[in-house]
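Okay, here's what each chain looks like letter by letter:
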Number of protein chains: 4
Amino acid sequence: MIIVLKPGVTQKQVEEFSRQLEKQNSVKVNAWYGEHSVVLGLLGDTAAVDIESIGAQDIVQSVKRVQEPYKKANRKFHPDDTVIDLGNGSAIGGGKLGIIAGPCSVECEEQIVQVAQDVKTAGAGFLRGGAFKPRTSPYAFQGLRAEGLELLRHARKQTGLPIVTEIMSPAHLVLFEDVDIIQVGARNMQNFELLKELGKCDKPILLKRGLANTIEELLMSAEYIMASGNSRVILCERGIRTFETMTRNTLDIAAVPLLKKLSHLPVVVDPSHASGISWLVEPLALAAVAAGADGLIIEVHNDPPHALSDGAQSLTPAQFEQLASRIREIAPLFGKELSVRQD
Amino acid sequence: MIIVLKPGVTQKQVEEFSRQLEKQNSVKVNAWYGEHSVVLGLLGDTAAVDIESIGAQDIVQSVKRVQEPYKKANRKFHPDDTVIDLGNGSAIGGGKLGIIAGPCSVECEEQIVQVAQDVKTAGAGFLRGGAFKPRTSPYAFQGLRAEGLELLRHARKQTGLPIVTEIMSPAHLVLFEDVDIIQVGARNMQNFELLKELGKCDKPILLKRGLANTIEELLMSAEYIMASGNSRVILCERGIRTFETMTRNTLDIAAVPLLKKLSHLPVVVDPSHASGISWLVEPLALAAVAAGADGLIIEVHNDPPHALSDGAQSLTPAQFEQLASRIREIAPLFGKELSVRQD
Amino acid sequence: MIIVLKPGVTQKQVEEFSRQLEKQNSVKVNAWYGEHSVVLGLLGDTAAVDIESIGAQDIVQSVKRVQEPYKKANRKFHPDDTVIDLGNGSAIGGGKLGIIAGPCSVECEEQIVQVAQDVKTAGAGFLRGGAFKPRTSPYAFQGLRAEGLELLRHARKQTGLPIVTEIMSPAHLVLFEDVDIIQVGARNMQNFELLKELGKCDKPILLKRGLANTIEELLMSAEYIMASGNSRVILCERGIRTFETMTRNTLDIAAVPLLKKLSHLPVVVDPSHASGISWLVEPLALAAVAAGADGLIIEVHNDPPHALSDGAQSLTPAQFEQLASRIREIAPLFGKELSVRQD
Amino acid sequence: MIIVLKPGVTQKQVEEFSRQLEKQNSVKVNAWYGEHSVVLGLLGDTAAVDIESIGAQDIVQSVKRVQEPYKKANRKFHPDDTVIDLGNGSAIGGGKLGIIAGPCSVECEEQIVQVAQDVKTAGAGFLRGGAFKPRTSPYAFQGLRAEGLELLRHARKQTGLPIVTEIMSPAHLVLFEDVDIIQVGARNMQNFELLKELGKCDKPILLKRGLANTIEELLMSAEYIMASGNSRVILCERGIRTFETMTRNTLDIAAVPLLKKLSHLPVVVDPSHASGISWLVEPLALAAVAAGADGLIIEVHNDPPHALSDGAQSLTPAQFEQLASRIREIAPLFGKELSVRQD
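This structure is a prediction, so every number in the text was calculated from the model and none was measured.

*Asks:* Summarise the overall build of chain A; cite the residues concerned and give the values.
*Replies:* The helix and strand inventory of chain A stands at 10 helices and 15 strands. In terms of its C-alpha atoms, chain A occupies a principal-axis envelope of roughly 75 × 45 × 40 Å. Classification of the 343 residues of chain A by burial places 62% in the buried group. Of all intrachain contacts in chain A linking residues separated by at least 6 positions in sequence, the fraction that spans at least 24 positions is 66%.

Put into structure tokens, the structure is as follows:
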């Protein structure tokens, strides 16, 4: 960490401030006296140093972090890829491209089982489906909740596909004991109390980037989970909010190679939420694979026009089959192999 | 709600779709056959109609809402201002300008009591202070939690000021029974499970706008609380995230008159978080009052450089006193009177 | 165009307003009287109808365009792909993937000839190089201007590569007579006086999307050029400005398939400016091809650390060769063939 | 300027790089050898140092500017407020609050003269009116151009009000010789060739902030004009583009105090374009004055529903009169006095 002090500080102020920094943060401070300004360098583990509090000091002009503020998620300290492997071919990372597919909301047994069978046949390695649904309006369908989880388990039994579903409150954790991967939605990316609780459980967590969150903040939220003890985190880029209104969000495709370089955690892309338009899912999914994604999460519905949520962005099983086939075709060119469920 | 159908739809399709809409939504559908396209008009209560699901229909080209999707928060159905009056002069709305002041984090008894006394003397009607702190980094100070709430209650006892503090999880609600106003932070504005729980309690809720949330989404989150039974919601504009980096956020000053027109709920502004820079707090606070705000929430710390969080944006008690005095001076010109605590 | 009138308008007002609309816009207006509101439908060519002026009418609640406001750029009226073919293998569109490569700024004869030869050998079909440089600071290098154009012509003579370079003022047009493709930079996308002048010349125009411009605005700027008589426009996605600071801009990858669907014009992507980081150029370039781009524009410099501008995002010739080789490899999977210069 | 080098650089590399920096930039470089990294400090005038080119060096980890990159616009080097005083009471800055009012577009003699008289009577010190209009669509009304300028001169003759109008191309400068203040629109804020030409003329320039431009970039564009010789620049905040769609733009109210602190140039606010909604103009104008603005630019039309452009955001003369009266009332509380035209 580099701290530039304001012009005119005295040597005594510098020494006092340095001592205070060393005491509060277990770091070593070196001062460099320039002609017009003094620069301090902090050595040691600065991840816990509060950059805002330092910036608030009267004598400080500006502060700059040199090291990343995340440690457990940082590839520097963990060079090898983290792989989420649920067995029987369902894997994400380490050269395996995992496709998580299924409806936005679980609606009924017939729907979820049918979609699960269809996506498995087409090449999905995981089944997604929302039981607890975050909806902008309190008057919109809120999901089947506990019953939805029950139906997902049933669909897993029928197909063998591991299930991925979203949690919205720490209080629901007891219901998620039998879920394979717990998803944290974009709106909860900085629900820190939830993240801490998820850090105490032993399941992989699919963590979606928030609509207005930076790449660094996504990694800091992963760090919350990991610092609480759970190192199996999957990062998900799902589009950020910008001024463009033609798509629901703007897919930040550069986040994929950036996250892969900065972190060892696997990265998946959600082209369905990123675009909000079904015919855009295929080009965005292909672009994600080309950019280095380890997986995709895609909404598939047997009857999109009658879906209880997000119909506009859902693929039909036939469209999904075509997409999965395209991905199987191109994956090897990008050093990946489609993760295929074997039961 | 106006639905434009795609060119080439048959009269039979139009009739079938209209019947389906009427059945699902208890609305009446009128069809208008134009030369090149057919337009449907939905009459009745369309707040619960799922606009996305309609947009997903094969025969639909586009959908447009004519009525607002919120009802309980809507000024149309509740023309009179909602006033949050906690007695003894502490009020927000209805011509009373309430100032909520205090430190970002409660740190110790001495600090919170001292700041409480200072801000009360200067003209604050409410005491703020964070006990549970949402921090980007898991390694940063997370607040004193239950102990912080205890200290707030102690400061209230000493000064009479009602206390405003942030909740981060429904599980903590039991600890907030003795809090006067519960704050929902920007990162939790769409933590819908939390909003539903807050809708069941009998305390005023200060709801902050999320970093990437629209004005309509803020009103929909208020609607969540109100639809669950709690109509005492205070809306808070605290800046949105944009490309500008010189300030921490961009204060959307137009949100104040817009929210006042669209809703009957009181609107407060947080110039401290909006700017992140202490010397900007005064001009932004004055602008907020000029734009019609019903209140302000301002960070004040007895020793900003040593604050455990957000020091850079905190005012000293002396700076706050000057600001409160300026506000007292200008408020009458904007039809407001400073809410002053009387004990 | 659909116009929703305010509740309470009289039939006389509706008829008068309809007559006025028909008179001003050569359209036909149909009125649909609903229970609570009246909706007007405008039939005919509404591209020139001023949507803002209609929205300003006292009796209007809201207006919605049904047809796109662009015509000449619209694929609906021109289903076949526009191909920019400069002969000898240098083509963009129609299945040909054109790579435009070269330095940000032309610096000297040796530099531009060397880079031109290198990128040609590696597979570029066009040479780029800035002679007139838009720089944020008046104190930064502003380009070699007329001399830079001369050096580009020289490099073309040595290599046969057509040259692409940016214009910044209509007054410079006389100097661009011998340029093969004229580029309009992001900061000039809505320099309408410049666009009109470019519409009168007979050269292909590479039009870059502005930092804060929507996809529709990009198409409207293309329409400016086309409406003035020049139909050879190449659209360029180069990243938009968002809150994310890790990259220079945010590449809006979804713009590629959207522009391809809405328009017949070829679409190229600039991964160098989109990211601002040289090692991100390859993954973004691959993603662009996967998303359907017809071309790429890439900064290559023989000595990036000593480049007079944009060194941080420039590839070395060796890095570019590797990228071109990767693109040649994957292009066929996306229905494209690398456009290779043959001389 | 502070440059952090990558871990592992040798002393020889540091010395060589330092020498190179000193030679290229006429600065002095001090090196500070820390335990894990080396930090360089550049002393002297670093405004012209190319920060990107330094960041591109292989051995550089990151660069940070300590000094602002603008000099002539910088308050540090010019502590006193710049005042634009056109005589007879028409002034902006130095305690004078100037109101620039008039129609978006000049439409005909009757309109412009009528509006000019109305706004003068109400309290405007300047007349605005567009002759050259930047419109998104080539099919929209483009302004009366030279004829519009003629009509503005005529209105000035009738009322004595100095005229403010927008230029779109350096080629039109010859037509603007008799204009009092030349406006640069948001879309041309980084039309650097235009800025350079305006720097050579002797008229005040009203420079509007671009939709996606930072405060620093606005100051750099002012610096372009000033570096070319014209120091009379008025800065204008007119809203930036964000994700919020309820207003046309988002007024960045904090830009007002920030610009006033960073620069000595006067700052005006355009609440009409910032909001795009006529009833929002008053609260935003009052907020601007409260935040410290030196002036306002406001659209007034004698018949908004029939305005050829921007009718939705125009005030009627009666509404403007009420607004001017409110501003006259509150200005003294913010240390300002309304600039009133005296003829």
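*Asks:* Go over the interface of chain B and chain A with me, naming the residues and quoting the values.
*Replies:* At the junction of the two partners, chain B supplies 42 residues and chain A supplies 41 residues. Only α2 (51-55), α5 (192-198) and α6 (215-227) of chain B provide two or more residues apiece to the side of chain B that touches chain A. At 5 residues, α6 of chain B tops the list of elements feeding residues into the side of chain B that touches chain A. By residue class, the composition of the side of chain B that touches chain A is 22 nonpolar, 11 polar and 9 charged.

*Asks:* Lay out the interface of chain D and chain B with the relevant residues and their values.
*Replies:* Residue-level contacts link 32 residues of chain D with 32 residues of chain B. Ranked by residue count, the leading element in the side of chain D that touches chain B is helix α9 (residues 278-290) of chain D, at 7 residues. The residue makeup of the side of chain D that touches chain B, split by class, is 21 nonpolar, 7 polar and 4 charged.

*Asks:* Would you mind going over the sheet that holds strand β2 (residues 28-33) of chain B in detail, with residue names and values included?
*Replies:* All names here are of chain B. The sheet built from 4 strands is open, its strands ordered β2-β3-β1-β4 with antiparallel pairing. Looking along the sheet, the strands with just one partner apiece sit at the ends: β2 and β4 (60-64). Averaged over all pairs of adjacent strands, the angle between strand axes in this sheet comes to 20 degrees, irrespective of strand direction. In this structure, strand β1 (residues 2-5) lies alongside strand β3 (residues 38-43), joined through 3 bridges in antiparallel fashion. Residue pairing for β3: Val4 is matched across the bridge by Val39. Docked against the sheet, helix α1 (residues 11-25) engages β1, β2 and β3, running at close to 155 degrees with respect to β2.

*Asks:* Quick rundown of the domain arrangement of chain A? Include the residues and the values.
*Replies:* What the domain assignment lists for chain A is domain 1 (2-64) and domain 2 (75-338). Placing a centre on the C-alpha atoms of domain 1 of chain A and another on those of domain 2 of chain A gives a separation of 43 Å.

*Asks:* Account for the relation of the copies chain D and chain B, naming residues and giving values.
*Replies:* Once chain D is rotated about the relating axis by 180 degrees and shifted along it by 0.0 Å, it coincides with chain B to within an RMSD of 0.0 Å. The superposition of one copy onto the other is thereby described by a two-fold rotation axis. Taking C-alpha positions as the reference, the residue of chain D nearest the rotation axis is Ala287 of chain D, at 2.1 Å. Taken together, the interface assignments show that 100% of the residues at the interface of chain D recur at the interface of chain B, consistent with an identical surface on both copies.

*Asks:* How would you explain the relation of the copies chain B and chain A if you had to name every residue and give the values?
*Replies:* Note that the two copies of the chain are related through a rotation about an axis and a translation along the same axis. Note on the copies: chain B fits chain A at an RMSD of 0.0 Å, the axial shift is 0.0 Å, and the rotation between them is 180 degrees. An overlap of 98% is found between the interface residues of chain B and their copies at the interface of chain A, pointing to a shared contact surface.

*Asks:* An account of helix α9 (residues 278-290) of chain C is needed here, citing residue identities and associated values.
*Replies:* Of all 13 residues in α9 of chain C, 12 are buried, a share of seventy percent or more. Positive phi appears at Gly292 of chain C, one or two residues downstream of α9 of chain C, with a value of about 110 degrees.

*Asks:* How would you sum up the sheet that holds strand β3 (residues 38-43) of chain C? Please name residues and give values.
*Replies:* Residues and elements named next belong to chain C. The strand order across the open sheet built from 4 strands is β2-β3-β1-β4, with neighbouring strands paired in antiparallel fashion. Every other strand in the sheet has two partners, leaving β2 (28-33) and β4 (60-64) as the edge strands with one partner each. Taking each pair of neighbouring strands and ignoring which way they run, the sheet shows an average axis angle of 20 degrees. Helix α1 (residues 11-25) rests against β1 (2-5), β2 and β3 of the sheet, and its axis sits at about 155 degrees to β2.

*Asks:* Tell me about unusual backbone geometry, and please be specific about residues and values.
*Replies:* Outside of glycine, negative phi angles account for most residues, and trans bonds account for most peptide bonds. With phi around 45 degrees, Ser26 of chain B is a residue other than glycine that occupies positive phi space. Within the fold, Ser26 of chain B resides in the loop between α1 and β2.

*Asks:* Before we move on, can you summarise the nonpolar core with the specific residues and values?
*Replies:* Ranked by size, the top nonpolar core spans 404 residues in total, and within it Ile253 of chain A, Ile253 of chain B together with Ile253 of chain C carry the most contacts. Setting aside residues up to four positions removed in sequence, Ile253 of chain A forms contacts with Ala287, Ala288 and Ala291 of chain A together with Leu251, Ile253, Leu284 and Ala287 of chain C.

*Asks:* Account for the packing of helix α3 (residues 109-122) of chain C against helix α10 (residues 317-330) of chain C, naming residues and giving values.
*Replies:* Axis angle and axis distance: for two packed helices, these are the angle between their axes and the distance between the axes, and together they describe the pair. Residue and element names in this part refer to chain C. Put simply, α3 and α10 touch, their axes get as near as 9 Å, and they point 20 degrees apart. It follows that α3 is roughly parallel to α10 by the angle criterion. Seen along the crossing, α3 lies across α10 with a hand that is right-handed. Across the interface between the two elements, Val115, Asp118, Val119 and Ala122 from α3 touch Pro317, Phe320, Glu321 and Ala324 from α10. A per-class count over the contact of α3 with α10 returns 6 nonpolar, no polar and 2 charged.

Conventions used here
Residues numbered from 1 in each chain as written. Chains lettered and ligands numbered in written order. Predicted model: local features only at pLDDT ≥ 70, side-chain atom pairs only at ≥ 80, totals over all residues. Helix = DSSP H or I, 4+ residues; strand = E, 2+ residues; numbered from the N terminus. Buried ≥ 20, exposed ≤ 12 C-beta atoms within 10 Å, placed from the backbone. Contact = placed C-beta atoms within 7 Å. Nonpolar A, V, L, I, M, F, W, Y, C, P; charged D, E, K, R; others polar. Pairing = 2+ DSSP bridges. Axes fitted to C-alpha atoms, helices over the stretch in contact; angles between N-to-C directions. Domains from an automatic or database assignment. Least-squares fit on C-alpha atoms with pLDDT ≥ 70 in both. Core = buried A, V, L, I, M, F, W, Y, C linked by C-beta atoms within 7 Å. Parallel < 35°, antiparallel > 145°, perpendicular 65-115°, else oblique. Left-handed = near helix turned anticlockwise from the far one by under 90°.

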